[in-house]
2 protein chains.
Amino acid sequence: MTEVKAELISVGTELLLGQIVNTNAAWISEQLADKGISVYYHTVVGDNLSRLTNVLKEAEKRSDLILITGGLGPTEDDLTREAFHNLSGLAIVEDRSTIDKMEAFFSKNNRVMTPNNRKQAHIFEGAKVLRNSVGIAPGIIVEHEQINWVFMPGVPREMKAIMAEEVLPYLQEKLQLNTVIFSRMLRFIGIGESQLEHELRDLIAAQTNPTIAPLASEGEVALRLTARASNNAEAEQLIDDVEAQISIRVGQYLYGYDQVNIAQQVYAKLVQQNLKIASAESLTSGAFASSIVEEGGASAVFNGAAVVYQSLAKEAVLNIDHNLLAEHGTVSKACAEAMAEKVKHLYQSDIGISFTGVAGPDELEGQPVGTVYISICDANNQFVTERFQFKGNRQTIRSRSVKKGYELLFYHLQK
Amino acid sequence: MTEVKAELISVGTELLLGQIVNTNAAWISEQLADKGISVYYHTVVGDNLSRLTNVLKEAEKRSDLILITGGLGPTEDDLTREAFHNLSGLAIVEDRSTIDKMEAFFSKNNRVMTPNNRKQAHIFEGAKVLRNSVGIAPGIIVEHEQINWVFMPGVPREMKAIMAEEVLPYLQEKLQLNTVIFSRMLRFIGIGESQLEHELRDLIAAQTNPTIAPLASEGEVALRLTARASNNAEAEQLIDDVEAQISIRVGQYLYGYDQVNIAQQVYAKLVQQNLKIASAESLTSGAFASSIVEEGGASAVFNGAAVVYQSLAKEAVLNIDHNLLAEHGTVSKACAEAMAEKVKHLYQSDIGISFTGVAGPDELEGQPVGTVYISICDANNQFVTERFQFKGNRQTIRSRSVKKGYELLFYHLQK
């Protein structure tokens, strides 16, 4: 197949006012990517005839496949048909089958079909009507000067039905699609985006199929490998080859694939190794405990947590020595290790993990905001304790701490 | 002010692949609409220099204010600067203050700043640097041939901070905006969306300025009152008048305004009444404890929490009578009250609150998924205990439980 250049146009002032998020564009793009069709542009334009017409003109210059959602309804400000008519000169004709369907619908509901409704049956001469199995207004496909124009309602439910039942099968045949695009996400922790990109710079620059795209998110980074091939097996092979090269350089930071997250990986290791964990949390205040039970069945590995937000509670609940706190303070290696050890025993677990530090906004015990100690007391009562200096606001410092806790556990359980 | 024509450009192939929904465009549009600035186009384009440059050229022809998100990062495929340089011919210069900030950040985290990071400090000659209070890469505003170009990172958290703290104040002054659109959010709890709408139906229908828009979110409902006027005082007066009418009908459910949430209101009441609280959490597993410390200074009211995910822990940590659990089960009024009372004493608090129930996916002790008991043991050792049957998945049931806990506390502390 010759490579198809596609673009999407969403029509509706409510999108430009921010009253609706344009989820249609993401959904359609995903569908087309799965068929190996590359989308190069999304455009949103309001219910204005001249602006809409100009957007269509621009699209006509650069794309072979143009999908337009919205502006097909019965009201005055539904202008998509008029705009395309201005552009193409194609006559607007009434589709008899749609009129019949609408009349049946209205009589069935004992309602009178107001004249403006007939507009929803207006298509272009030579066009193919796209059946709408969940609503009234049909979609339209018309080929004009070697460009395929697809018109669909903006209502997500109707658009999705028409895409799945009519548009994709049409494109499959029309464009003789024989390409698949396959993506794999490699998830890393313990390495920053810029360092990862630095390590792989030459690979990223040289790769065209699969492509390598770095993506950063809170406290971790991912690489998306996207391969184009004639079938999935071939695409996966291309990806396996590049992943092998990547692993040689940064494999030690790779923790999982696709939708998996670090918490799930730690959870899985605890299950495999039949270990139970408990947490003692000061600045995180239960955020670790809450995140580890997000998946069902957490009781297999998680016994509970002592949230000891106050030093008072550190003494009363975890029975931490008052003198230790007086001597080292609560933001200290000594306190972190005591918390991990005590919570492990209190909750009769194999592993205890603790979080103590300064979330801010104010400094604490003379320690700056962002200072965090995390300690693991393992099944052999050995400690892994680290000090961190996180940046950002209170929320960020707390969430980074939890993420770091999972990172430390992941590497510790690796051994 | 002369009418400003604005448009948004979002840069990123992941948007065109449908892997990310373009929530930035909707959010920015809403902010600009609130300032009376009309957005005429949204465009999404991939990480491709020539296509990106062409999109900027198109925008230049038709808009006075162009906001661009994404493509400012340190990696090879961050091309927004290069594209604007191609278009404008403005030299790219390094911003010293950003370099200093980055070097400080890296040394503080004992990390090496790789060379590609310097790219994040590249701005255009004559440009204004927009401080990024939650990340590294700054935003940029530059006026070029009577057009204001605004460049921001694509990460929503960073973009929102830069918009609110830097861009909107700049535009307010630069464009001498003299229509204000002023919104006030009224937040309700303990009343459903449909009931609220029912109570206010005639008001909502009749109102044009301010408009009244009901918004539902997890477990609560809000009304957004939006007034258009020539100044804030006038707009606020319009809103005050309508709020007064609303309060007569449903004022008893109103708990706060704008960005305040129920947790903050409960926090404030605890501070006023000088009460300390602790939580005992089974299905919520620390989610309540984590949420109450989201604001700084939580230690004034929050002592800690016992996360007793296992019945074992309920006995070992909270010392709940084994026979009580055997007789009533852990998902019971009796267990909820024991948890609230025990945690109150263990953490030497004035109030204890407990959460026990079935988050799913499986039923527990013959109780269906969604069954939740919440109990408050107050300063006089009086109990407020309620049973709920929540719908939804594990996440929803847990977050609804926390929200309900705040609701019960709010009304209890009201008395």
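Residues numbered from 1 in each chain as written. Chains lettered and ligands numbered in written order. Predicted model: local features only at pLDDT ≥ 70, side-chain atom pairs only at ≥ 80, totals over all residues. Heavy atoms only, no water.

Caption draft 1: Representation of the overall build of chain A within the structure. The number of helices and strands found in chain A is 14 helices and 17 strands. In terms of overall size, chain A is more extended than a compact globule, its C-alpha atoms giving a radius of gyration of 29 Å where 415 residues would be expected to give roughly 22 Å. Principal axes of the C-alpha set define a box for chain A whose edges measure 90 × 50 × 40 Å. Relative to its 415 residues, chain A shows a buried fraction of 56%. (Helix = DSSP H or I, 4+ residues; strand = E, 2+ residues; numbered from the N terminus. Rg over C-alpha atoms; globule rule 2.2 N^0.38 Å. Buried < 20%, exposed > 50% of the residue type's maximum accessible area, 1.4 Å probe, protein only.)

Caption draft 2: Here's a closer look at the packing of aromatic side chains. Residues and elements named next belong to chain A. In total, this model carries 22 aromatic pairs over all chains according to the counting rule given. Aromatic side chains tyrosine 255 and phenylalanine 410 sit 6.2 Å apart centroid to centroid with 75 degrees between the ring planes, which places their arrangement in the edge-to-face category. Of this pair, tyrosine 255 sits in strand β12 (residues 254–257) while phenylalanine 410 sits in helix α14 (residues 394–414); the two residues are 155 residues apart in sequence, bridging distant segments of the chain. For the pair formed by tyrosine 255 and phenylalanine 410, the shared burial category is buried. Among the aromatic residues, those joined into a cluster by ring pairs are Phe84, Phe124, Trp149 and Phe151. Sitting over the face of the ring of tyrosine 41, arginine 62 holds its NZ or CZ atom 3.7 Å from the ring centroid. (Phe/Tyr/Trp six-rings, centres within 6.5 Å; stacked < 30°, edge-to-face > 60°. Lys NZ or Arg CZ within 6 Å of the ring centre and 35° of its normal.)

Caption draft 3: Layout of the pairing of strand β13 (residues 277–281) of chain A. Residues and elements named next belong to chain A. Of all 5 residues in β13, 5 are buried, a share of seventy percent or more. Here β13 shows no split at all, with Ile277, Ser279 and Glu281 on one side and Ala278 and Ala280 on the other all buried. Bridge count between β13 and strand β14 (residues 302–307): 5 bridges; the pairing is parallel. Bridged to isoleucine 277 within β14 is phenylalanine 302. Once the chain exits β13 it traverses helix α10 (residues 287–292) before rejoining the sheet at β14, and the crossover so formed is right-handed. (Pairing = 2+ DSSP bridges. Right-handed = clockwise from strand over helix to strand, strands pointing away.)

Caption draft 4: Region of interest: helix α9 (residues 262–272) of chain B. Residue and element names in this part refer to chain B. For α9, every residue scored as buried is listed here: Ile262, Ala263, Val266, Tyr267, Lys269 and Leu270. Relative to the axis of α9, the buried residues are bounded by an arc of 165 degrees and lie together on one face. Buried positions along α9 lie against β11 (220–229), β12 (254–257), β13 (277–281), α10 (287–292), β15 (351–357) and α14 (394–414). In this structure asparagine 261 caps α9, since a side-chain oxygen of it lies 3.0 Å from the backbone nitrogen of alanine 263. In the stretch just after α9, asparagine 274 is the one whose phi turns positive, near 50 degrees. (Arc of directions from axis to C-beta. Contact = heavy atoms within 4.5 Å. Polar contact = N/O pair within 3.5 Å; in protein donor to acceptor, adjacent residues only side chain to side chain.)

Caption draft 5: The layout of surface pockets, seen in detail. Residues and elements named next belong to chain B. In this model, the second largest pocket occupies a volume close to 1300 Å³. Surrounding the second largest pocket, 40 residues form its lining, Glu30, Asp34, Ser183, Met185 and Arg224 being those nearest its centre. In terms of residue count, the dominant contributor to the lining of the second largest pocket is strand β9 (residues 180–188) (6 residues). The class makeup of the residues in the lining of the second largest pocket is 12 nonpolar, 16 polar and 12 charged. (1 Å grid on protein atoms, 1.4 Å probe; cavity = no way out; pocket = protein on both sides within 12 Å on 5 of 7 lines; lining within 4 Å. Points joined across faces, edges and corners; volume = space filled by probe spheres on them. Nonpolar A, V, L, I, M, F, W, Y, C, P; charged D, E, K, R; others polar.)

Caption draft 6: Highlighting the interface of chain B and chain A. Facing 73 residues of chain B, the contacting portion of chain A comprises 71 residues. Regarding the contact of chain B and chain A, the summed buried area is about 5800 Å², with carbon and sulfur atoms giving 55% of it. Connecting chain B to chain A are 1 salt bridge. With a shortest N-O distance of 3.0 Å, Arg201(A) and Glu76(B) are connected by a salt bridge. (Buried area = accessible area lost by both parts, 1.4 Å probe. Salt bridge = Lys/Arg side-chain N within 4 Å of Asp/Glu carboxyl O.)

Caption draft 7: Here's a closer look at the pairing of β13(B). Of the strand pairs in this sheet, β13(B) and β15(B) are connected by 5 bridges, and their pairing is parallel. By the bridge assignment for β15(B), Ala278(B) is matched with Gly352(B).

Caption draft 8: Molecular detail of the UniProt feature "domain: MoaB/Mog" (unreviewed entry) in chain A. The sites that carry the UniProt feature "domain: MoaB/Mog" (unreviewed entry) are, in the present numbering, residues 7–174 of chain A. Along residues 7–174 of chain A one finds 42% helix and 23% strand; the C-alpha atoms at either end are 17 Å apart. (UniProt positions renumbered as here; feature names shortened; annotations may be inferred.)

Caption draft 9: Spatial organisation of the state of the cysteines. Residue and element names in this part refer to chain A. Under the defined criterion, the tally for this structure stands at 0 disulfides over all chains. Unpaired in terms of disulfides, cysteine 377 finds its nearest cysteine sulfur in cysteine 335, a separation of 14 Å. Residue classification places cysteine 377 among the buried residues on the basis of a relative accessible area of 0%. (Disulfide = S-S within 2.5 Å.)

Caption draft 10: The sheet that holds strand β16 (residues 371–377) of chain A, seen in detail. Here we have 10 strands laid out as an open sheet, ordered β17(A)-β16(A)-β15(A)-β13(A)-β14(A)-β14(B)-β13(B)-β15(B)-β16(B)-β17(B), and mixed in their pairing. Because the sheet does not close on itself, it has two edges, and the strands there are β17 (383–389) of chain A together with β17 (383–389) of chain B. With strand direction ignored, the average angle separating the axes of adjacent strands in the sheet is 10 degrees. Running over the sheet, α14(B) touches β13, β15, β16 (371–377) and β17 of chain B and is turned about 30 degrees from β16(B). (Axes fitted to C-alpha atoms, helices over the stretch in contact; angles between N-to-C directions.)

Caption draft 11: Representation of the sheet that holds strand β8 (residues 147–152) of chain A within the structure. In space, the 12 strands of this open sheet follow the order β6(A)-β7(A)-β8(A)-β3(A)-β1(A)-β2(A)-β2(B)-β1(B)-β3(B)-β8(B)-β7(B)-β6(B), with mixed pairing throughout. The sheet is open, and its two edges are formed by β6 (128–130) of chain A together with β6 (128–130) of chain B, each paired on a single side. Put simply, the sheet's adjacent strands are angled 15 degrees from each other on average, direction ignored. Note: strand β1 (residues 5–11) of chain B against strand β3 (residues 65–69) of chain B, 5 bridges, orientation parallel. In the strand pairing of β3(B), Ile9(B) is matched with Ile68(B). Relative to strand β8 (residues 147–152) of chain B, helix α4 (residues 80–88) of chain B is tilted by about 165 degrees, and along the sheet it contacts β1, β3, β7 (139–144) and β8 of chain B.

Caption draft 12: Region of interest: the environment of Gly18(A). Within the secondary structure, Gly18(A) is located in the loop between α1 (13–16) and α2 (23–34). Separated by 150 residues in sequence, Gly18(A) and Leu168(A) have C-alpha atoms that sit 29 Å apart. Contacts of Gly18(A), omitting those with residues within four sequence positions, involve Ala26(B), Ser29(B) and Glu30(B).

Caption draft 13: Fine view of the nonpolar core. In terms of nonpolar packing, the biggest core is built from 76 residues, with Phe302(A) and Phe302(B) touching the most fellow members. Among residues more than four places away in sequence, those in contact with Phe302(A) are Ile277(A), Ser279(A), Ala289(A), Ile292(A), Val293(A), Ser285(B), Val307(B), Tyr309(B) and Gln310(B). Judged by nonpolar contacts, the second largest core, of 28 residues, contains Ala278(B), Val317(B), Ile320(B) and Cys335(B). (Core = buried A, V, L, I, M, F, W, Y, C linked by side-chain atoms within 4.5 Å.)

Caption draft 14: Geometry of the side chain of Ser290(A). Looking at the secondary structure, you find Ser290(A) in helix α10. Overall, the relative accessible area of 12% leaves Ser290(A) in the buried class. Among residues more than four places away in sequence, those in contact with Ser290(A) are Thr284(B), Ser285(B), Gly286(B), Ala287(B) and Arg398(B).

Caption draft 15: Representation of the environment of Thr114(A) within the structure. Structurally, Thr114(A) is set in the loop between α5 (96–108) and β5 (122–124). Sequence-wise, Thr114(A) and Phe383(A) are 269 residues apart; in three dimensions their C-alpha atoms are separated by 77 Å.

Caption draft 16: Here's a closer look at α2(A). Residues and elements named next belong to chain A. Here α2 spans 17 Å end to end across 12 residues, near enough to the 16 Å set by a 1.5 Å rise per residue. All buried positions along α2 are accounted for by Asn24, Ala25, Ala26, Ile28, Ser29, Leu32 and Ala33. Positioned one or two residues after α2, glycine 36 has a phi angle of 85 degrees, which is positive. (Expected span 1.5 Å × (residues − 1).)

Caption draft 17: Region of the structure containing unusual backbone geometry. All names here are of chain B. Here asparagine 209 and proline 210 are connected by a cis peptide whose omega angle stands at 5 degrees. Among the secondary structure elements, proline 210 is positioned in the loop between α7 (193–206) and β10 (211–217). A cis amide bond links glycine 360 to the next residue, proline 361, at an omega of 5 degrees. Phi at serine 285 takes a positive value of approximately 50 degrees, unusual for a residue other than glycine. Along the chain, serine 285 falls in the loop between β13 and α10.

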